Amino acid sequence: MRLIILLIVMDVGMSTSAFAIAKSKLPHIVFLISEDPDNYGAHLTIPAFAKSLSETGQYKTTVLLGSSNRTSYRFPNFEIVNKADLVVVFTRRLALPSEQMDILKKYLQNGGGLVGIRTANHAFTLLKGEVAENGFEQWPEFVSTVLGCENRGYGLATAKTVVQVNERFLDHEILKGIQYRNWVSDGNLYLVDPLLDRNAQVLLQGLSDQKSQPIAWTRHYGKSRVFYTSLGYPSDFKNENFIKLLVNAMDWTLNKNAKH
């Protein structure tokens with residue numbers, strides 16, 4: 001009887017070890033978010049979304065929520081970005097410690113993937129008149145050089161956005177499984193047209209208040225795969241199409257099954 005019990009214990013131990021090894025090989029997605037009255041509740045939607053990703057058993061996720069004022073914003077444990085497979089940015093108008101900004105820049109220079117959500121198109125750009133505190137810095141060029149666009153303003157705040165698929169890219173894997181008919185976002189348009197990167201693949205257009213704008217596209221920044229969407233309004237995270245779009249975009253950015 002003792003022998004049987006010993007074998008069972010050893011089997012459990014080996015299974016736990018195998019599980020730990022398997023988990024360590026999962027793609028690690030690091031989310032950078034900030035809590036701000038004008039950041040569309042990212043501090044609420046992203047942790048829940050990241051948890052759901054982790055529960056699929058296909059991804060390891062870490063959410064970093066910083067603190068302090070925008071002019072001197074610091075993330076905890078930011079060194080984890082060095083080992084990330086994908087970084088997701090949903091922050092608004094922050095200046096980071098120089099050493100943290102250097103880590104992010106190096107991550108991208110080394111070909112790390114990036115997904116930007118909504119306010120990422122002014123993620124590290126302070127408001128006019130604001131000055132980064134000593135030891136902290138902005139990175140306004142992140143928008144033009146990494147995302148390939150400019151923040152050109154906003155559509156009517158009360159107007160919803162009709163989501164339209166660019167038929168040129170219907171076979172793109174990021175659009176796989178998405179039911180794009182009758183897709184309406186409660187959020188207003190971000191004005192970005194014309195994009196700075198003429199080679200960007202615009203997957204989705206948004207129509208609102210008689211204006212049409214790119215609202216989701218892919219591009220490359222050096223060796224980094226980049227996806228950006230100006231969607232990301234709180235209720236978007238309750239929309240199956242939006243969730244599918246994000247997951248597909250993350251897989252594309254991670255280069256899991258990329259064909260484009």
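Residues numbered from 1 in each chain as written. Predicted model: local features only at pLDDT ≥ 70, side-chain atom pairs only at ≥ 80, totals over all residues. Heavy atoms only, no water.

Peer 1: Even after reading the chapter, I still don't get helix H5 (residues 240-253), so can you show me in this structure?
Peer 2: Residue pairs spaced three or four apart in an α-helix point in one direction, given the helix's 3.6 residues per turn. Taking 1.5 Å per residue as the helical rise, H5 with its 14 residues ought to reach 20 Å, and the 20 Å between its terminal C-alpha atoms agrees with that figure. The backbone nitrogen of Asn241 has a side-chain oxygen 2.7 Å away, supplied by the residue at the start of H5, namely Asn239. With its phi angle positive at about 65 degrees, Asn255 sits one or two positions after the end of H5. (Helix = DSSP H or I, 4+ residues; strand = E, 2+ residues; numbered from the N terminus. Expected span 1.5 Å × (residues − 1). Polar contact = N/O pair within 3.5 Å; in protein donor to acceptor, adjacent residues only side chain to side chain.)

Peer 1: Whenever I open this one, the pairing of strand E10 (residues 211-221) confuses me. Can you help?
Peer 2: In this sheet, E10 lies alongside strand E9 (residues 201-208) in antiparallel orientation, the contact comprising 7 bridges. Among the inter-strand pairings, Ser208 is bridged to a residue of E10, identified as Lys211. Where E9 folds back onto E10 in an antiparallel hairpin, the turn is made up of 2 residues, including Asp209, whose phi is positive at roughly 50 degrees. Across 6 bridges, E10 lies against strand E11 (residues 224-229) in antiparallel orientation. What sits directly across from Ala216, in E11, is Thr229. (Pairing = 2+ DSSP bridges.)

Peer 1: Would you explain the packing of aromatic side chains in this entry?
Peer 2: Each aromatic ring pair is described using two quantities: the centre-to-centre distance and the angle formed by the ring planes. Going through the model one piece at a time under the given rule, you end up with 10 aromatic pairs. Ring geometry for Phe31 versus Phe49: centroids 6.2 Å apart, planes at 90 degrees, classification edge-to-face. One end of the pair, Phe31, is in strand E1 (residues 28-33); the other, Phe49, is in helix H2 (residues 42-55), with 18 residues separating them in the sequence. Here the aromatic cluster, defined as three or more aromatic residues joined through ring pairs, consists of Phe31, Phe49, Phe237 and Phe242. Over the ring of Trp139 we find Lys105; its NZ or CZ atom is 5.2 Å from the centre of that ring. The aromatic ring of Trp252 is capped on one face by Arg225, whose charged end is 4.6 Å from the ring centroid. (Phe/Tyr/Trp six-rings, centres within 6.5 Å; stacked < 30°, edge-to-face > 60°. Lys NZ or Arg CZ within 6 Å of the ring centre and 35° of its normal.)

Peer 1: Please clarify how unusual backbone geometry should be interpreted in this entry.
Peer 2: Excluding glycine, a negative phi dihedral is what most residues carry, and trans is how most peptide bonds are arranged. That bond from Asp193 to Pro194 is cis: its omega, 0 degrees, falls within 30 degrees of zero. Here Pro194 shows up in the loop between strand E8 (184-185) and E9. Its identity as a non-glycine residue notwithstanding, Ser68 has a phi of 85 degrees, on the positive side. Relative to the assigned elements, Ser68 resides in the loop between strand E2 (60-65) and strand E3 (86-90). According to the relative accessible area criterion, Ser68 is exposed, its value standing at 51%. Phi is positive for Arg93, which is not a glycine, with a value near 50 degrees. By the secondary structure assignment, Arg93 is in the loop between E3 and strand E4 (96-97). (Buried < 20%, exposed > 50% of the residue type's maximum accessible area, 1.4 Å probe, protein only.)

Peer 1: I keep staring at the pattern of salt bridges and nothing clicks. Help me out?
Peer 2: Two side chains of opposite charge can pair, provided their charged atoms sit close to one another. Applying the stated criterion across every chain yields a total of 11 salt bridges. A salt bridge links Arg70 to Glu130, with the nearest nitrogen and oxygen atoms 2.7 Å apart. Of this pair, Arg70 sits in the loop between E2 and E3 while Glu130 is found in the loop between strand E5 (113-117) and strand E6 (136-137), placing the two residues 60 residues apart along the sequence. The exposure class of Arg70 is partly exposed, given its relative accessible area of 22%. Exposure remark for Glu130: the relative accessible area of 25% places this residue in the partly exposed category. Here Glu150 and Arg152 are joined by a salt bridge, their closest N and O atoms 3.1 Å apart. Glu150 sits in the partly exposed class, given a relative accessible area of 35%. (Salt bridge = Lys/Arg side-chain N within 4 Å of Asp/Glu carboxyl O.)

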